[in-house]
Every structure is written in C-alpha cells, then in structure tokens.
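# Chains, contacts and geometry: an overview
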Amino acid sequence: MPVGRKEQIIDCRAVMGLGEGGGLAQRGTFAEALRNDVVVVAMSPGRRHITKPVCEITYGIREVGIQTSVLVLDAGSGIPHDAPHGSLGSTFGLKPEEAAQINRHKLCVVHFGNVVNHVVYKARLLLRYVEIPTIVVCQCPVDMEDFAKVGIKTLNVMPVEPQTKGMIVDIVTGVVRGESCPQTKIDEIIEKIKKHLT
C-alpha cells in the first residue's frame, strides 16, 4: 500500500467490505500492519456508527509513517450489560481473540460515539481486557475524571478502586461519527500517538 513516499504492508480484511466497491469495513474485520505499533479500534458499522472517521484517521496515521492496524469490533454497538439501566438493544462486547489482537500492539486508539454514559462504560469493558495504553477518540466532551468515576485507570486521575487492567493516556473529542474527520483532529491524534508511542 503506497502512502506518501513510503510503503506499508498490511494483511487486510478478515471479511469482505460492505457497500459499493466493498469500501466500508464490516464487523469482525482485522487489518494487521507489518509491525504492531498502533491499533485503531472501531465500533461495528451501522446507521449511527459508520467507520468513515476511523478510515481517515488510520490513513492519516499511516501517512506519517506509523505502522497501524485496524480492528472493527464484532459487537461494537450498544452499551455493555453492566452499564446503568442495561442495554435496550444490542449489547457492546469484546471477544477474547479481539482483546488478544489489540494487546499485541504498543498503543491502542479507540473510536467511540456521542453519549458520555455510553463512552465511559464501553471504555471500562474494553480496558478490563486491553492492557496497553489507550487513547480515546469520541464526539462528546469527556475528561479523565469521567472515566475515573467508573473505575477506569487514567494517566491523570486514578480511581479509588481501579476496575481495569489498561489505562487511558489521552483523549481527543469532537470527532463526529459517520462524518469526515477534520485535518486538525487527525493532526491532534497523530501528535498524541507520537507522544505516547516513544
């Protein structure tokens, strides 16, 4: 895959793409880079959670020469079963093999949505099994204290009773689901990846 002046080898797609030309990654897709530096995790595609910003973010990261894998979760929609009020529709989950795929990398970048309550509980479930440093990218305004309140370890605020193995090391907000990701946000994500990857 030529990106700028450098090539990156990516072992692409566990399943076929969706839509015309097969461009949109389906749930259960794992595209692995040659080196396990960064993995970008996307929610399952659907009406509200199409993977467009993740594709653009991944391309931007690869363009600056960082080896980047992509994982589209099989059960990335909805909220976890242990969130307050439970899940009325689909239930967010993480398969053991997905956790193993993520943990092979040095840094995780995960894209969530626009409801603070959903974002923090999804992050808690993910980080119970994901042990590597994680950067959360989402649409809604959220901070380290919001995550620490539900027991997630963060770089700046440590919960009284941690419930996760992994830790949130940074947050990027204002990335809209299903919309093009502005270059300023891609630059911010890349800057934070470089900071935590070294």
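Quick look at the structure, then. Values in this document were obtained by computation on a predicted structure and should not be read as measured data. (Residues numbered from 1 in each chain as written. Predicted model: local features only at pLDDT ≥ 70, side-chain atom pairs only at ≥ 80, totals over all residues. Heavy atoms only, no water.)

## Here we look at the overall build of the protein chain
This is how the line gets drawn: Helix and strand assignments come from DSSP, with helices taken as H or I runs of at least 4 residues and strands as E runs of at least 2, each series counted from the N terminus. Each residue is placed in one exposure class: buried if its accessible area under a 1.4 Å probe, protein chains only, is under 20% of its type's maximum, exposed if it is over 50%, and partly exposed if it falls in between. Whether two residues are in contact is decided by their heavy atoms: any pair within 4.5 Å suffices. The Shrake-Rupley method, run with a 1.4 Å probe, gives the accessible areas here. Residue values count only the displayed protein chains as cover.
Along the protein chain, the regular secondary structure elements total five helices and ten strands. The burial tally for the protein chain puts 50% of its 198 residues in the buried class. A fraction of 68% describes how many contacts in the protein chain between residues 6 or more apart in sequence connect residues 24 or more apart. Carbon and sulfur atoms form 52% of the exposed surface of the protein chain, whose accessible area is close to 9600 Å².

## Here's the deal with the nonpolar core
Note the following rule: To qualify as a nonpolar core, a set must consist of buried Ala, Val, Leu, Ile, Met, Phe, Trp, Tyr and Cys residues joined through side-chain atoms within 4.5 Å.
Counting residues in hydrophobic clusters, the biggest one holds 34 residues, and the most contacted among them are Val39, Leu94, Ile102, Phe112, Val136, Phe147 and Ile168. Taken together, the elements giving at least two residues each to this core come down to β5 (38–42), α2 (96–103), β7 (107–111), α3 (116–129), α4 (144–149) and β10 (167–172). Considering every element that reaches this core, the biggest residue donor is α3, with seven residues. The contact partners of leucine 94, leaving out residues within four places of it in the chain, are Leu73, Ala99, Ile102, Leu125, Leu126, Tyr129 and Val130. Judged by nonpolar contacts, the second largest core, of 21 residues, contains Val40, Val72, Val175 and Ile186.

## Let's talk about the packing of helix α1 (residues 52–63) against helix α5 (residues 183–197)
How we decide: All axes are obtained by fitting lines to C-alpha atoms, using only the stretch in contact for helices, and the reported angles, taken between N-to-C directions, cover 0 to 180 degrees. Every angle not falling under 35 degrees, over 145, or within 65 to 115 is termed oblique; those three ranges are roughly parallel, roughly antiparallel and roughly perpendicular. A clockwise turn of the near helix away from the far one marks a right-handed crossing, whereas an anticlockwise turn of less than a right angle marks a left-handed crossing. Under this grouping Gly is polar, as are all residues other than the nonpolar Ala, Val, Leu, Ile, Met, Phe, Trp, Tyr, Cys and Pro and the charged Asp, Glu, Lys and Arg.
In contact at an axis separation of 10 Å, α1 and α5 are set at 55 degrees when each is read in the N-to-C sense. Between α1 and α5, the crossing angle belongs to the class labelled oblique. Relative to α5, α1 is oriented so that their crossing is right-handed. Where α1 approaches α5, its residues Glu56, Ile57, Gly60 and Ile61 are matched on the opposing element by Ile186, Ile189, Ile190 and Ile193. When grouped by side-chain class, the residues that make up the contact of α1 with α5 number six nonpolar, one polar and one charged.

## Some points on α2
Our working rule: Note: the arc covers the axis-to-C-beta directions of the helix.
By the burial criterion, the buried members of α2 are Glu98, Ala99, Gln101 and Ile102. Buried residues of α2, seen end-on, are gathered within an arc of 160 degrees and therefore sit on one face of the element. As for α2, its buried residues are in contact with β4 (30–33), β5, β6 (68–72), β7 and α3.

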